[in-house]
Amino acid sequence: MRKLPTLLLAACVLLAGCSTYQFITPTAQWQTLIGQLQYVSPKRSMIGETVVTRNGDADFQLDFMTGPGLPILKLRKEGNKGRAEAAFARMSWQGDANHPVGPLKSWFALHEVFSGVAAIHARDTKTTLQSQKPGEWTADVEIAGGKPVSVRITFPRSKEQFNFHFSR
């Protein structure tokens, strides 16, 4: 009989550790980019609508959807906490955003790319950005009117490519 309370306590502790972190909701102070994304990998190619929001260097969110708002991927990063829900892979993951599981590494690296894009202060320019880790990614960026209109990111190791085109 003494084992039952111990088992219940252990189950409660384990289940409490599985709770889902509640990520913050973007406010008007966040930078928001709305447009289209073409994602290409050796296994698939997808095109859809995207909303990219970021707040400083710590908070980043990306929504990738198709059709009338049908989600393909929802990605959230707050500090070192990360969460991704991928409808196309029927999976969700939550953990350390600096060490995501394999197929999500490039998706979480987009935070670094868009931090670099935000640091460009030219009104009209075309430039290439590089990952802080040599060879991880390169990004060709076009800025018009002080805002990004095109961001093309290549991940040579995984052979993935992200082509963003922003309308606002």
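Everything that follows concerns the structure shown earlier in this document.
What counts, and where the lines are drawn
- Residues numbered from 1 in each chain as written.
- Predicted model: local features only at pLDDT ≥ 70, side-chain atom pairs only at ≥ 80, totals over all residues.
- Heavy atoms only, no water.
- Core = buried A, V, L, I, M, F, W, Y, C linked by side-chain atoms within 4.5 Å.
- Buried < 20%, exposed > 50% of the residue type's maximum accessible area, 1.4 Å probe, protein only.
- Helix = DSSP H or I, 4+ residues; strand = E, 2+ residues; numbered from the N terminus.
- Contact = heavy atoms within 4.5 Å.
- Salt bridge = Lys/Arg side-chain N within 4 Å of Asp/Glu carboxyl O.
- Phe/Tyr/Trp six-rings, centres within 6.5 Å; stacked < 30°, edge-to-face > 60°.
- Pairing = 2+ DSSP bridges.
- Axes fitted to C-alpha atoms, helices over the stretch in contact; angles between N-to-C directions.
- 1 Å grid on protein atoms, 1.4 Å probe; cavity = no way out; pocket = protein on both sides within 12 Å on 5 of 7 lines; lining within 4 Å.
- Points joined across faces, edges and corners; volume = space filled by probe spheres on them.
- Nonpolar A, V, L, I, M, F, W, Y, C, P; charged D, E, K, R; others polar.

Novice: Would you mind showing me how to read the nonpolar core here?
Specialist: Nonpolar side chains in soluble globular proteins tend to end up buried together. Residues Leu 62, Trp 107, Phe 114, Ile 153 and Phe 164 are the most contacted members of the largest nonpolar core, which totals 35 residues. In terms of residue count, helix H2 (residues 105-118) provides more of this core than any other element does, seven residues in total. With sequence-adjacent residues up to four places away left out, Leu 62 is seen in contact with Thr 50, Val 51, Val 52, Leu 73, Lys 74, Leu 75, Arg 76, Trp 107, Leu 110 and Phe 164.

Novice: What is the right way to read the environment of Pro 68 from this model?
Specialist: Here Pro 68 shows up in the loop between strand E3 (59-66) and strand E4 (70-78). Residue class for Pro 68 comes out exposed when judged on its relative accessible area of 78%. Spatially, the C-alpha atoms of Pro 68 and Glu 49 are 9.3 Å apart, while their sequence positions differ by 19 residues.

Novice: I keep staring at the pattern of salt bridges and nothing clicks. Help me out?
Specialist: Where side chains of opposite charge bring their charged atoms close, a pairing between them can arise. This model, assessed by the stated rule, comprises three salt bridges. A salt bridge links Arg 54 to Asp 57; its shortest N-O distance comes to 3.3 Å. The salt bridge involving Arg 83 is made with Glu 85; its shortest N-O contact spans 3.0 Å. Judged by relative accessible area, which is 17%, Arg 83 ranks as buried.

Novice: It is not clear to me how the environment of Lys 105 should be interpreted in this structure. Could you clarify?
Specialist: Position of Lys 105 relative to the elements: it lies in helix H2. On the basis of relative accessibility, which here comes to 52%, the residue Lys 105 falls in the exposed class. Along the backbone, Lys 105 and Ser 158 are 53 residues apart, and their C-alpha atoms lie at a distance of 9.5 Å.

Novice: In this structure, what is going on with the packing of aromatic side chains? I would like to understand it.
Specialist: Aromatic rings considered in pairs are described by the distance between their centres and by the relative angle of their planes. Under the criterion given, the structure shown has eleven aromatic pairs. Measuring from ring centre to ring centre gives 6.1 Å for Phe 60 and Phe 114, while their planes differ by 25°; the resulting arrangement is stacked. Placement of Phe 60 in strand E3 and of Phe 114 in helix H2 is noted, with a sequence separation of 54 residues between them. Ring geometry for Phe 114 against Phe 164: centres 5.1 Å apart, planes inclined by 90°, an arrangement best described as edge-to-face. Remark: Phe 164 occurs in strand E10 (residues 160-166) and Phe 114 occurs in helix H2; sequence separation between them is 50 residues. We classify Phe 164 as buried; its relative accessible area is 0%. Grouping aromatic residues by their ring pairs yields a cluster made of Tyr 39, Phe 60, Phe 64, Trp 107, Phe 114, Phe 155, Phe 162, Phe 164 and Phe 166.

Novice: Help me understand the sheet that holds E4 in this model?
Specialist: Within a sheet, neighbouring strands are paired by backbone hydrogen bonds and run either parallel or antiparallel to one another. Strand order across the open sheet formed by ten strands is E6-E5-E4-E3-E2-E1-E10-E9-E8-E7, with antiparallel pairing between neighbours. Two strands in the sheet have a free side with no partner beyond their single neighbour: strand E6 (91-96) and strand E7 (125-130). Averaged over all adjacent pairs, the angle separating strand axes in this sheet is 15°, with direction ignored. Of the pairings in the sheet, the one linking E4 to strand E5 (residues 81-86) comprises six bridges and is antiparallel in character.

Novice: Which parts of the structure should I look at to understand the layout of surface pockets?
Specialist: The rolling of a water-molecule-sized probe over the atoms marks out the regions of remaining empty space. For the largest pocket, the calculated volume is near 800 Å³. The wall of the largest pocket is formed by 34 residues, among which Leu 104, Lys 105, Ser 106, Ala 109 and Glu 136 lie closest to the centre. Tallying contributions element by element places H2 first for the lining of the largest pocket, with seven residues. For the lining of the largest pocket, the class distribution of residues is 15 nonpolar, ten polar and nine charged.

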